[in-house]
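Observations on chain architecture
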Amino acid sequence: MAEPSRRSMSRPPPRALLAAAAVVVVALLPGCVTVYEPLLGLQRPVVVNLNAPNFEGQRILVRCLPSDHLPAQDMEYLCRRVRNILQKQGAEVEITVPRGARSRAVEREEGVAPPDLMIELSGRLLHEDNVPILWALSYATLTLVPTITEFTFAQDVSIRDGEGSLLVSDSLQGRIIQYFGAGVWATNTVLDLAVRKESEKINDEASRQEFSRDLLGQISQLAFHARTRARVLRGFPPEAKADAKIESTGPAVPIVPAVPAPAAPAAPKAADGKLRD
Amino acid sequence: MAVAQMTRAPSSAAAAALAALLASAPALAGADASATDAERLQVETLRAEIASQLQLQAYDLVDELIYGWTQRPPFGEPTPVLLADVSVPVGFGSGLQALLENHFASVILKNARSSIVLAHCPMCTELVVHSGARGTVVARGIDAPETLAAAGGLSGSRHALFLDFEVEGSALVLRARITSLERALPILFARTISTSTSSPALLRSPDRLKSADEARQEYLDALQGRSPLSFPIRLGVRTYAEGSNQVLAPPFPWLSGGVEAALTQARAWTASFLIGANWMPGLGYGLMGQARLNRLITGEVASLTRPDLYAFVGLGVLSINGNAALTFASDIPTLADLQAAALGVDPQTTFGTVQLGLELRAKNRVGVGAYVEWLPTITDAPMIGDYLNLGLIRFQSFGAEVTFCF
Amino acid sequence: MDPVTFTLLFFLPFLAGRVTDPSPGFFHTKEEARAVECVRMSQAEVYEREPARVPEPPPRGGRVPADVLVCKRRYLSPDERPARDEAVLSSLRGEVSAIVQAASTSGGPSTVWHVDAFYPEAIVAQKIAVATRTELVERGKKVSDRVPVLAAADLSVLGRLAPQEQYPLACARAFAEGALSPPEAFLGVMIVDAREAQLHAGVCLEGKWRWLR
């Protein structure tokens, strides 16, 4: 006697299966692993201490230019982040997010002194990749096979002085890869918990922190370069807050074959007079 | 150098992800300072590997410099030159300096056409003190040539060569200059040469230096001159899954040969056609025809320096003669079948196969592969079971093979 | 689950592709990812330089041209050397080229250039000076390996001044004391603040100091 078909007895109804799959997919929506990889420029070492008053007495205008890929709302958010980091370093910062083609030109109120530095930020999407077949595979395997979406962006930074002369410009490139799926999320979580040390963990929060640190660090460094370049080209005009406490690398022993010993460093003091690193 | 090729398609999801990445405070979390012994060992191993690579690249730069001198000598006649200083990259020690000095000396000695005759100057890097009317000056010997000349330290040479190596990101840069040892120390010759980690060391023979362009052209010729056709000889064995009667079929060895063609210059797609045969004493013989389509999955271009992994799909036709054919019969062989065989009437079966597999190929000369096979017409042979049953497709055979290409 | 197994096998080629991807994840750590310099370039450009690495680009009018992520391993990891030294040395060639380009407008065909660098680390200062001298000679300038020396008393005074006063005064003293004389010129390369990783430069010509950048 033939055995009853076990398959026909245990197969769930198709509608329930689809519903279960939908529930699984929705439940896994946080199951996205975001990886950030710094490319050109973003990997460069940052020398300025982001907690020190590097821009004390400086008036800085930050303009974030929207584009097709980065709308005004997102650029406004970027501008606020940049403002916060520069204010933390002692600068007086004003931000603008021009809207429309005409407002790309800098508009200044009459009688208002130009800023010391003008930072312009604009973004470009260099590349995007999204393999459609992976979505099909992911659906077929209930997200055991992950989907992979990646894109490469460039953040262009131009810094000018108050008269509009270009002091510094650079393009900072980075890459974001997003994996979505139960399999990759579970594997990554296990690796984070059991294998990777703290600095090597890969998750959304870590990627955000690294990206912020890299981007804002590079912008601060470029702004500082612009500041010193402006001072050099203008013949070191006196500034509102004395630079006497800034470390000088000028020649203690100039024009000799041996390189001079640096002057004894004096750590910059905060407004409360306490020393900071 | 890792290269990943992509295609382009715009989307606004990128903007959302990019903005989301700025959604937290820029915590300046310090790196984890502690490192286990295993991690330190790993770092040291990696550092040694990098140092070796850097040493070879530095040798390349020296070879390129001397090759340039053989083509355009800095002096009209053989001229003694002191090797005054070899500076290694910041962060590297005197070990590398000694290696570079020795390599430079060995190559320059074998290339007299460079017009450089190496002279030895042990006092060049020593401190010398000279007291005169204007005061006492303490300097390296090479920076005070008149003092060195007075002390007889120049060995009759009137020129000094300085080699400076520096790591600038992913590039190694050599800056060479020749200075005349007179009071003004004029620089007579200077050249900057750089290389990067993406270009492998040329490892030129010091007796027969050639320019980087010539070496690159040879490399391109080797790349493009690879014949699109090759002739593989393959030795393999097929095993079959245990059937319902719990009798294991014997493994079938196969020897095959044929032709393989690269469908693209990069050898990312190849196709092959082979015919094969086997003979098992007492069990009969077999004939086989097989066609495969291979796709490179470790990159976009077949490598000249490392093994390549191909995935393939293939179709085959096997004809088995003799008692071995009974393995594929739908009934268990009876005494009548064996009697027929004894009378000289050999059983025979022919069937088709579909293969899926992977092959690791080294320099397109030797390959090792494994595959699973579906026998679509063998559905109810009691001696043939399934290794992998996917419902519609049942993989009943597993094969392993070694391939030699000519 | 049989279709799932089949699908997982089908995913293997994509997985193989991720192995060569330099981004951090399952096959590379963050430290390994940061030890690699990557930039996106067009396939045609990469094929021109490294034909063994990418397939030949499609002819014009074919499918959409692709771009390629080109990665090169750094010889040293980013934290191997101090941050400022690493930043200066990594961009040394570009910086020196720009400085020499700016300095080329000064002096004349018979000007003999002296070069020195002022940087807290002696070894790095030497690298900067050597790079600048080499670049000047490669551009056809007359360059001396000798660095002008001032009297000890001058040095002790100059050491107490700010950069904007040091270099002009040192320049004037050099010509006054005869350490430099026409047609000689001095090109100084330095950083003026310990928090920066860019190089400034100035030219001392006939006793007058001029900042270039």
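Residues numbered from 1 in each chain as written. Chains lettered and ligands numbered in written order. Predicted model: local features only at pLDDT ≥ 70, side-chain atom pairs only at ≥ 80, totals over all residues.

**A short note on the pairing of strand β6 (residues 166-180) of chain A**
Residues and elements named next belong to chain A. With eleven of its 15 residues buried, β6 lies for the most part within the structure. Two elements, strand β1 (residues 32-38) and β6, share seven bridges in a ladder whose sense is antiparallel. Bridging from a neighbouring strand, Glu 37 pairs with Arg 175 of β6. Relative to β6, strand β5 (residues 147-161) runs antiparallel, the two sharing 14 bridges. Residue pairing in the sheet places Ser 158 in a bridge with Ser 169 of β6. (Buried ≥ 20, exposed ≤ 12 C-beta atoms within 10 Å, placed from the backbone. Helix = DSSP H or I, 4+ residues; strand = E, 2+ residues; numbered from the N terminus. Pairing = 2+ DSSP bridges.)

**Quick word on the packing of helix α5 (residues 92-103) of chain C against helix α6 (residues 122-138) of chain C**
Residues and elements named next belong to chain C. Contact geometry of α5 with α6 gives a least axis separation of 9 Å together with a crossing angle of 55°. Considered as vectors, α5 and α6 are oriented oblique to each other. Every pair of crossing elements has a handedness; the one defined by α5 and α6 is right-handed. In this structure, α5 contributes Leu 92, Val 96, Ser 97, Ile 99 and Val 100 to the contact, and α6 contributes Lys 127, Ile 128, Ala 131, Thr 132, Glu 135 and Leu 136. (Axes fitted to C-alpha atoms, helices over the stretch in contact; angles between N-to-C directions. Parallel < 35°, antiparallel > 145°, perpendicular 65-115°, else oblique. Left-handed = near helix turned anticlockwise from the far one by under 90°. Contact = placed C-beta atoms within 7 Å.)

**Describing the nonpolar core**
Counting 148 residues, the largest nonpolar core has Ile 60, Ile 159 and Ala 223 of chain A, Leu 161 of chain B together with Ile 128 of chain C as its most contacted members. In contact with Ile 159 of chain A, not counting residues within four places along its chain, are Leu 117, Met 118, Ile 119, Leu 167, Val 168, Leu 222, Ala 223 and Ala 226 of chain A. If you look at the next biggest cluster of nonpolar residues, it comprises 17 residues, including Leu 318, Ala 324, Ala 381 and Ile 384 of chain B. (Core = buried A, V, L, I, M, F, W, Y, C linked by C-beta atoms within 7 Å.)

**Here's the deal with the sheet that holds strand β5 (residues 184-190) of chain C**
The pairing of strands in a sheet comes from backbone hydrogen bonds and takes either a parallel or an antiparallel form. Taken together, the five strands give an open sheet; going across it, the order is β4-β3-β5-β6-β7 (chain C), and neighbouring strands pair in mixed fashion. This sheet does not close on itself; its edge strands, each paired only once, are β4 (142-143) and β7 (208-211) of chain C.

**Quick notes on the packing of helix α3 (residues 72-88) of chain A against helix α6 (residues 204-233) of chain A**
Residue and element names in this part refer to chain A. Here α3 crosses α6 at 60°, and the two axes come no closer than 10 Å. With respect to their mutual orientation, α3 and α6 come out oblique. In the crossing of α3 with α6, the sense of the turn from one axis to the other is right-handed. Within the contact between the two elements, α3 uses Arg 81, Val 82, Ile 85 and Leu 86 and α6 uses Leu 216, Ile 219, Ser 220 and Ala 223. Residues that form the contact of α3 with α6 fall into these classes: six nonpolar, one polar and one charged. (Nonpolar A, V, L, I, M, F, W, Y, C, P; charged D, E, K, R; others polar.)

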